[in-house]
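# Breakdown of the fold
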Amino acid sequence: MEFLYDWQFWGVVLGGLGIVATFIIFLLQRNRKRLSYSVLTETPLLSIDETIKGKITIRYARKKIQNIYLVIISINNTGNVDILPTEFERPINFSFPGSEILSTEVVNTSPKNLQPEIAQNLSAISVNPILLNKTDFIEIKLLFSTYKKVIHAD
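The text that follows walks through the structure, step by step, so that each part is easy to find. (Residues numbered from 1 in each chain as written. Predicted model: local features only at pLDDT ≥ 70, side-chain atom pairs only at ≥ 80, totals over all residues. Heavy atoms only, no water.)

Once that is clear, we can look at the packing of aromatic side chains. Geometry of an aromatic ring pair is reported as the spacing of the ring centres plus the angle between the planes. Across all of its chains, the model carries four aromatic pairs by this definition. Taking 6.2 Å as the distance between ring centres and 45° as the angle between the ring planes, the aromatic pair formed by Y69 and Y147 counts as tilted. Of the two residues, Y69 is situated in strand 4 (residues 67-77) and Y147 in the loop between strand 9 (137-146) and strand 10 (152-153); the sequence distance between them amounts to 78 residues. Looking at Y147, the relative accessible area reads 9%, which means it is buried. Ring centres 4.7 Å apart and planes at 40° place the aromatic pair F144 and Y147 in the tilted group. The residues F144 and Y147 share a single accessibility class, namely buried. (Phe/Tyr/Trp six-rings, centres within 6.5 Å; stacked < 30°, edge-to-face > 60°. Helix = DSSP H or I, 4+ residues; strand = E, 2+ residues; numbered from the N terminus. Buried < 20%, exposed > 50% of the residue type's maximum accessible area, 1.4 Å probe, protein only.)

Now the structure itself:
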């Protein structure tokens, strides 16, 4: 138990703790650019049962449909630094193989004045590069007539 009263022992312990603390602070302060997405909602809004399929007609924007699925995707800057539009190599693309998109709409952003530009085709959407400060996000609502629950992000 003599080592508990030895100043050299405590000097080594405190020096080691100082090195560990320095390393942890370094890791926490590194600049990380990270863009992520998550699916917030993935639910059918309308589904016509086989027994009444021939008896009822539903139209969305003059198009006859059998089902409607709601999907909400959130795109987030989860890093600890801002992502500038010039730092994107290409737009953010989401494709939905085997699915058919009826409409796309931005439903929420942070900050509220963020105005992302979104292009849509039959089974994919594209979000043009935009300034995303740390903790900024974009929520996009998609309505599908056919949805296979497969999402490819690029």
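Strand order in the open sheet formed by four strands is 7-8-5-10, and the pairing between neighbours is antiparallel. If you trace the sheet from one side to the other, it starts and ends with strand 7 (118-120) and strand 10, each paired once. Sheet topology places strand 7 next to strand 8 (residues 124-127); three bridges connect them, and they run antiparallel. In the sheet register, A119 faces strand 8, and the bridge partner there is S126. (Pairing = 2+ DSSP bridges.)

We now examine the nonpolar core. In terms of nonpolar packing, the biggest core is built from 20 residues, with I73, F94, F96, I125, I140, L142 and F144 touching the most fellow members. At the level of secondary structure, the elements contributing two or more residues to this core comprise strand 4, strand 5 (92-95), strand 8 and strand 9. The element best represented in this core is strand 9, accounting for four residues. Not counting chain neighbours up to four residues away, the residues in contact with L142 comprise Y69, L70, V71, I73, F96, I101, S103, T104 and I125. Counting eight residues, the second-largest nonpolar core is a separate cluster that includes I68, L70, I72 and L143. (Core = buried A, V, L, I, M, F, W, Y, C linked by side-chain atoms within 4.5 Å. Contact = heavy atoms within 4.5 Å.)

Glancing now at the sheet that holds strand 6 (residues 100-110). Taking strand neighbours across the sheet as the criterion, the four strands line up as 1-4-9-6 in an open arrangement whose pairing is antiparallel. Each edge of the sheet is formed by a strand with only one pairing partner; in this case those strands are strand 1 (35-47) and strand 6. Pairwise comparison of adjacent strand axes, ignoring direction, gives a mean angle of 20° for this sheet. Bridging between strand 6 and strand 9 involves nine bridges; their strand directions are antiparallel. The residue of strand 9 that forms the bridge with T109 is I138. (Axes fitted to C-alpha atoms, helices over the stretch in contact; angles between N-to-C directions.)

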